[in-house]
Amino acid sequence: MIIYKRIADIQKRLMDVGAQGLSTGFVPTMGALHSGHISLIAKAKKDTDIVVCSIFVNPIQFNDPEDFEKYPVTVDADIYLLEKAGCTILFLPAVEEIYPEGLKKNVQFKVGFIETILDGKYRPGHFQGVCQVVHRLLEIITPRKIYLGQKDFQQCMVIKKMAAIYFPLLEIIICPTVREISGLAMSSRNKRLTATQKQQASEIFKTLLFIKKNIRPGFLNNLLQTALQNLQAKGFRVDYIAIANAHNLQLLDTWDGKEKTVALIAAFLDEVRLIDNMMISE
Ligand code: AMP
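The following paragraphs examine the structure supplied in this document.

What counts and how
- Residues numbered from 1 in each chain as written.
- Predicted model: local features only at pLDDT ≥ 70, side-chain atom pairs only at ≥ 80, totals over all residues.
- Heavy atoms only, no water.
- Helix = DSSP H or I, 4+ residues; strand = E, 2+ residues; numbered from the N terminus.
- Rg over C-alpha atoms; globule rule 2.2 N^0.38 Å.
- Buried < 20%, exposed > 50% of the residue type's maximum accessible area, 1.4 Å probe, protein only.
- Contact = heavy atoms within 4.5 Å.
- Areas by Shrake-Rupley, 256 points an atom, 1.4 Å probe, with all protein chains shown as cover.
- Near = heavy atom within 4 Å.
- Polar contact = N/O pair within 3.5 Å; in protein donor to acceptor, adjacent residues only side chain to side chain.
- Nonpolar A, V, L, I, M, F, W, Y, C, P; charged D, E, K, R; others polar.
- Pairing = 2+ DSSP bridges.
- Axes fitted to C-alpha atoms, helices over the stretch in contact; angles between N-to-C directions.
- Right-handed = clockwise from strand over helix to strand, strands pointing away.

**A few points about the overall build of the protein chain**
Reasoning step 1: Within the protein chain, the regular secondary structure consists of 11 helices and 11 strands.
Reasoning step 2: For 282 residues, the compact-globule formula gives about 19 Å, and the C-alpha radius of gyration of the protein chain, at 19 Å, lands near that figure.
Reasoning step 3: Residue burial in the protein chain is summarised as follows: out of 282 residues, 53% are buried.
Reasoning step 4: In the protein chain, of all internal contacts separated by at least 6 residues, the share reaching a separation of at least 24 is 73%.
Reasoning step 5: Put simply, the protein chain shows about 13,500 Å² of open surface, and 53% of that area lies on carbon and sulfur atoms.

**Brief notes about the site of the ligand**
Reasoning step 1: Close to the ligand lie 16 residues; M30, H37, D152, V178 and M186 are nearest.
Reasoning step 2: At a separation of 2.6 Å, an oxygen atom of the ligand approaches a polar side-chain atom of D152.
Reasoning step 3: Coverage of the ligand by the protein amounts to 93% of the 490 Å² it exposes when considered alone.
Reasoning step 4: Elements that contribute at least two residues to the shell around the ligand include exactly strand 2 (24-29), helix 2 (35-47) and strand 5 (145-149).
Reasoning step 5: Per-element accounting of the shell around the ligand gives the leading share, three residues, to helix 2.
Reasoning step 6: Of the residues assigned to the shell around the ligand, the class counts are eight nonpolar, six polar and two charged.

**So, the sheet that holds strand 5**
Reasoning step 1: Strand order in the open sheet made by the six strands is 1-4-3-2-5-6, with parallel pairing throughout. Unpaired on one side and paired on the other, strand 1 (2-4) and strand 6 (171-175) mark the two borders of the sheet. This sheet shows a mean twist of 25° between the axes of neighbouring strands, independent of strand direction.
Reasoning step 2: Together, strand 2, strand 3 (50-55), strand 5 and strand 6 form the strand contacts of helix 2, whose direction differs from that of strand 5 by roughly 155°.
Reasoning step 3: Relative to the sheet, helix 7 (residues 126-141) contacts strand 2, strand 3, strand 4 (89-91) and strand 5, its axis offset from that of strand 2 by approximately 150°.

**As for the pairing of strand 6**
Reasoning step 1: Of the pairings in the sheet, the one linking strand 5 to strand 6 comprises five bridges and is parallel in character. Among the inter-strand pairings, Y147 is bridged to a residue of strand 6, identified as I173.
Reasoning step 2: You can see the chain leave strand 5, run along helix 8 (residues 153-166) and come back into strand 6, and the turn it takes is right-handed.

**Observations regarding unusual backbone geometry**
Reasoning step 1: One non-glycine residue, T142, adopts positive backbone phi at about 40°.
Reasoning step 2: Within the secondary structure, T142 is located in the loop between helix 7 and strand 5.
Reasoning step 3: Phi angles above zero are rare outside glycine, and D270 is one such case at about 55°.
Reasoning step 4: Topologically, D270 is positioned in the loop between strand 10 (261-269) and strand 11 (272-281).
Reasoning step 5: Relative accessible area serves as the criterion here: at 56%, D270 is assigned to the exposed category.

Here it is in structure tokens:
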């Protein structure tokens, strides 16, 4: 694996790759890598000739400065994992390389109502920050395919909308969520949890399973209330528990028994915010 820190250098290499007719698969990350990230690398490796991973903790997508400061950084371990997974290229840019004109959020990406609900509502500006960095990275790397995790369900939808406008030929591959044995979705933020909290955090997964098992056609309010109370009783501060149409993320308060739905949760354990989701009717 070759590590590039400068845009000019990685683009020179990628021009050679293009000239040889090789395809490129791209996995954008914020580092502190775990098996979830590595599953995306593995899928990209299967599908494409050259796998590019980026590690960049994007300052402008953090609405909470403390969350940014405490975001885990484990570059040496990340490089080791990527080498082992057979990643071809790691792009490891500095903030100035990505944002040469400073951290301005002046571009407005039109992603519609999706960014006004759920994480869009609770993390104002977050998805514009995500769009800005992914747009910039896609311009630099110009991959044929991008690999994203279903773990960030709403983010996948936002990136799909952005890409449909600016990168219509890009293929977007959404990969399943990788979990701990307890069911806890793997996440870089789990590194901030104690062993006891990690066990406690698996309640989010259990709550999603509870929703999946108990959903019935009709009003969803009682089900959502019970799920909320369960999580609160287990010590979580809940931002949201919601059921939405899995195609367009319209929030549902009733279910017709046919619509394909997804349940989504965002909740804090102490200061650590965790998100997860599950398809509950397919
Ligand atoms: P992050 O480093 O958290 O920005 O994540 C980088 C990519 O990895 C995103 O597309 C995430 O959705 C994906 N990802 C994160 N956690 C998981 C997981 N547990 N399983 C599968 N993909 C994941």
